[in-house]
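Remarks on the overall topology
Next come the chains, spelled out residue by residue.
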Amino acid sequence: MTHSLAKLALVVGMLLPAIGFGAPQRFVPPAPKDLVGQELRFVSCPIVRATEHPCWVTEYEGELYFLGVQAGGVSDFIAPQLNHRVLVEGVVTDKPRVCGGIVLDPVRTSTMRDVDRSCNAILPAEGHVIVTHERGPGPAPTQPRRREVREVEHVPELRTFRVEFDFDMERAWVKNIMKINEAAVFAAAIGAKRVEVVGYRGRVRLSNGAVLEELPFMPKRRAEYVESVLRAVGTGGAEIAVRFEDEPSGDDPSARSALITVIP
Amino acid sequence: MILHRRATRGRNATVALTLVAIAGGGLARATAENERTVHSQWIEPGADIVLPAHANYQNALGGLGVINVAGDVHTSGHPFFEPIGTNGRACVTCHQPSDAMSLSLDSIRERWAATQGADPLFDTFDGANCPDQPRGERSSHSLLLDHGLFRIPLAWPPKRFDGTPVKPEFTIEVIKDPTGCNTHPTYGLQSKNPTISVYRRPRMAANLPYILRPGNPFSFKIGAKDIDPRTGRHASMNLMADGRLLSLEDQALDAMANHMQMHSAPDAVTLQRIVSYENQLYVAQQYDKRARKLGGEGAPYSLGPEAMIEYVDKYDYYLGDALDMPVFGGFEAWKSEPADGDEQQRARASIARGHDVFFLRPFWIRDATHINSVGLGNPIRRTCSTCHNAIMTGHDIAPAFMDVGTSNLPWAEARPELPLFKLECEPEAVPHPYLGRTVYTHDPGRALISGKCEDIGSLTMQQFRGLAARAPYFSNGTAKDIAGIVDFYDRRFDMQLTDQERTDLINFLGSL
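Residues numbered from 1 in each chain as written. Chains lettered and ligands numbered in written order. Predicted model: local features only at pLDDT ≥ 70, side-chain atom pairs only at ≥ 80, totals over all residues.

1. A short note on the overall build of chain B
Scanning chain B for helices and strands turns up 14 helices and 24 strands. The globule rule puts the C-alpha radius of gyration for 512 residues at 24 Å, and the 22 Å found for chain B is close to it. Principal axes of the C-alpha set define a box for chain B whose edges measure 65 × 50 × 45 Å. The burial tally for chain B puts 55% of its 512 residues in the buried class. By sequence separation, contacts in chain B at least 24 residues apart represent 63% of the contacts at least 6 residues apart. (Helix = DSSP H or I, 4+ residues; strand = E, 2+ residues; numbered from the N terminus. Rg over C-alpha atoms; globule rule 2.2 N^0.38 Å. Buried ≥ 20, exposed ≤ 12 C-beta atoms within 10 Å, placed from the backbone. Contact = placed C-beta atoms within 7 Å.)

Put into structure tokens, the structure is as follows:
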């Protein structure tokens, strides 16, 4: 899942003692010049830092990389999980470090499927302060439903909705469940005749040359998962047809997906 | 204090009784010296009484209010109160108004003492550790008498609502079987009708319009919510500990067939009367011995049974983990009570502080399936209201099942009296996100219905109302009292509560 860092959280290590935030920090420069612009793909243990707004980093080849800040379930950044490894796909920038880590932009993370209890690190805050965050550790400022909802006009036309999944995952996160909901609502609104669902799987070539291929049953399970949500929401009577492509569809993260096509 | 009016057939005259306890046929008067104990105000199946529209029941922390929005109920002939099965039980046997429409351990023990175990409550089908154990011997009923637990036999493997079998993602091995039931040749997993027996608490049959609110058809926990075969629409899935029954009708039918050993289906009118009655009940603590009146003028708006009625249809959306839509609200006035004030003022201030511990105090929530595993990250630094987010009840609208470790090792407390199972997941199954593919558990919970490995140990959280009336808590009775609830979470999530925070949180929970 990608998220682009529109705003940067600035870690003012050397100023922290002056404003009373913890022990003095040694200034750490942004990414080494030879790394900037590199596209990295690797699997590692995620690490959470116990800042007031917890931030996530990971270590790869001696460098610490920033992944994101704890948010809510509908955020672009889906926080990783301790007790699991994380697949990181991102581009190194020369932006100031955040949470002590080199900023990747864009960056996508996938929590790997199996339990790995060696991934168990919580770092102290060490004076890091996260300035930019979507919400704090307490309740949200506003109930999600009370945010303004746009009225959408549904024009009868063939439309597709791509539902993305984490690597080797057959259940979608909230933002992608909302896409399934959107597809179902659209199908019902236009009186669609048919909704087609195709499940796919992908692969990723890591920076160290290894190739990870998603599990062979992913396309079927993704398609069936999407189908179940479509049926739960309702498609206004449109027939739902499901199929899946057994072979990996490519290296791009978008291959880890199911495609919904609504046919008027 | 008026509790129950004895009905006089054919005449309007009633006798107002200032009763507090009915035990063993005797009557106890409400006097100051009785306030130290919890009184059982037991309603026997077939009782001929009138339950007032607003009934008051004393408990150790004060008083519980039970409101029936349809008015007084004459129990004689009412199917909720009549023993319509074959074992003498009625619905009320396990859903007593004085126990917040659940059943407290104190009430169970008082019935045992009063009837020497002859009460239908102790029917051996599920009121004994296993049906073959001799009725009336204390050891046969130890799980009920010591922990408030009933045997819940579930077919294995499970079936869907349409009767088609679910193919489980795991195998079950019985590691320890202190009750003997899971390895029993007639009642166990290797019997002709393979059955797994788990042991659970009765749930509250009140405030149900909140519990049954369906919400969105999809859930970020599970994708699609289950469809209620009766309505063809998605259900809340919050009625049962494992979400196996989606409607009050199906719960009633299941209870009649099993708990009441009824051998034929009831007629439609009987079923409808039971369901209607359950839907009419609103329950909350309404009086605290120190803070005094809960609810009404001068009190937080979310306290008291009247508030449960007022807010049941007030909002479009009942997610309460937000500052502008809190789960429980209105405590600002009590926060300003003076620290050196009288007992009432100090008690109110404590409850208000306890609310803030519940709603505002963050801690690391970690390794909890269906909360950490749904995209929030593991761990996440949040508050109690992150999971207990439903406005006015404190359950989870998402739906509410999750594994916080009440049943799964290593987090579950030592429970030598409960069966212990080893579940091995298939290589292609999504594993339990924090325990992997081999899980030891006292109760697989939702996994016994879904067949999914990742659901092992997930159980539907209950609402917070009427806690003072219905100890012990959690599905398997792990917490003996409200302090036990708080202490479980403090240990499980290393909350590091101060003594003051702990006391305040306990007081807050007791006021709901």
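That was the structure; now back to the text.
2. Notes on the domain arrangement of chain A
All names here are of chain A. According to the domain assignment, chain A consists of domain 1 (2-123) and domain 2 (153-263). If you look at the interface, domain 1 gives 14 residues, while domain 2 gives 12 residues. The set of elements that each furnish at least two residues to the side of domain 1 that touches domain 2 consists of β2 (39-44), β6 (86-92) and β7 (102-111). With 4 residues, the single largest contributor to the side of domain 1 that touches domain 2 is β2. (Domains from an automatic or database assignment.)

3. Examining the interface of chain B and chain A
Tallying the contact residues gives 36 residues for chain B and 34 residues for chain A. If you list the elements that add at least two residues to the side of chain B that touches chain A, you get β12 (223-224), β17 (321-322), α10 (343-360) and β20 (380-382) of chain B. The biggest single contributor to the side of chain B that touches chain A is β20 of chain B, with 3 residues. Across the side of chain B that touches chain A, the residue classes break down as 19 nonpolar, 9 polar and 8 charged. (Nonpolar A, V, L, I, M, F, W, Y, C, P; charged D, E, K, R; others polar.)

4. Some words on unusual backbone geometry
All names here are of chain B. A cis amide bond links Asn378 to the next residue, Pro379, at an omega of 5°. Within the secondary structure layout, Pro379 lies in the loop between β19 (363-365) and β20. Following Ala398, the chain continues into Pro399 via a peptide bond in cis, with omega recorded as 10°. Structurally, the position occupied by Pro399 is in the loop between α11 (384-387) and β21 (401-402). In the Ramachandran plot, Gln116 falls in the positive-phi region, its phi being about 55° despite a non-glycine side chain. Within the fold, Gln116 resides in the loop between α2 (105-115) and α3 (124-127). Take Gln116: there are 9 C-beta atoms within 10 Å of it, and that puts it in the exposed class.

5. As for the environment of Asn176 of chain A
All names here are of chain A. Within the secondary structure layout, Asn176 lies in helix α1 (residues 174-190). You can call Asn176 buried: it has 23 C-beta atoms within 10 Å. Spatially, the C-alpha atom of Asn176 lies 5.4 Å from that of Val163, the residues being 13 residues apart in sequence. Those residues in contact with Asn176, other than ones at most four positions away along the chain, are Val163 and Glu164.

6. Digging into the sheet that holds strand β9 (residues 159-164) of chain A
All names here are of chain A. In space, the 4 strands of this open sheet follow the order β9-β14-β10-β13, with mixed pairing throughout. Either end of the sheet is taken by a strand with one partner, and the two such strands are β9 and β13 (239-244). Adjacent strand axes in the sheet meet at a mean angle of 15°, parallel and antiparallel pairs treated alike. Pairing analysis gives 6 bridges linking strand β10 (residues 194-199) to β13, with the strands arranged parallel. Bridge assignment links Val197 to a residue of β13, and that residue is Val242. Set on the sheet, helix α2 (residues 218-233) makes contact with β9, β10, β13 and β14 (257-263); between it and β13 the angle comes to about 165°. (Pairing = 2+ DSSP bridges. Axes fitted to C-alpha atoms, helices over the stretch in contact; angles between N-to-C directions.)

7. Remarks on α10 of chain B
Here α10 of chain B spans 25 Å end to end across 18 residues, near enough to the 26 Å set by a 1.5 Å rise per residue. If you follow the buried residues of α10 of chain B, they end up packed against β15 (281-288), β18 (325-326), α9 (332-335), α11 and α14 (499-510) of chain B. (Expected span 1.5 Å × (residues − 1).)

8. Some details on the confidence of the model for chain A
With 87% of its residues at a pLDDT of 70 or more, chain A shows a mean pLDDT of 87. Every residue in residues 5-24 of chain A is under pLDDT 50, and counting partners more than four places away or in other chains gives 36 contacts. (pLDDT = per-residue confidence, 0-100.)

9. Here's the deal with the sheet that holds strand β5 (residues 54-59) of chain B
Residue and element names in this part refer to chain B. What the 4 strands build is an open sheet, ordered β5-β6-β15-β16; its pairing is antiparallel. Looking at which strands have only one partner, the edges of the open sheet turn out to be β5 and β16 (292-293). Strand direction decides the pairing type here: β15 and β16, joined by 2 bridges, are antiparallel. Counterpart to Tyr287 in the pairing with β16 is Lys293.

10. Points about the packing of α10 of chain B against α14 of chain B
All names here are of chain B. Where α10 contacts α14, the axes come no closer than 7 Å and their chain directions differ by 100°. In this view, α10 runs roughly perpendicular relative to α14, as classed from their interaxial angle. For the pair α10 and α14, contact is made by Ala347, Ser350, Ile351, Arg353, Gly354, His355, Val357 and Phe358 and by Glu501, Thr503, Asp504, Leu505, Asn507 and Phe508, respectively. When the residues that make up the contact of α10 with α14 are grouped by side-chain class, the tally is 6 nonpolar, 5 polar and 3 charged. (Parallel < 35°, antiparallel > 145°, perpendicular 65-115°, else oblique.)

11. Some thoughts on helix α6 (residues 248-257) of chain B
A turn of α-helix holds 3.6 residues, and therefore any two residues three or four places apart point the same way. Taken together, the buried positions of α6 of chain B are occupied by Leu248, Gln251, Ala252, Ala255 and Met256 of chain B. One face of α6 of chain B carries all of its buried residues, which in axial projection span an arc of 130°. (Arc of directions from axis to C-beta.)

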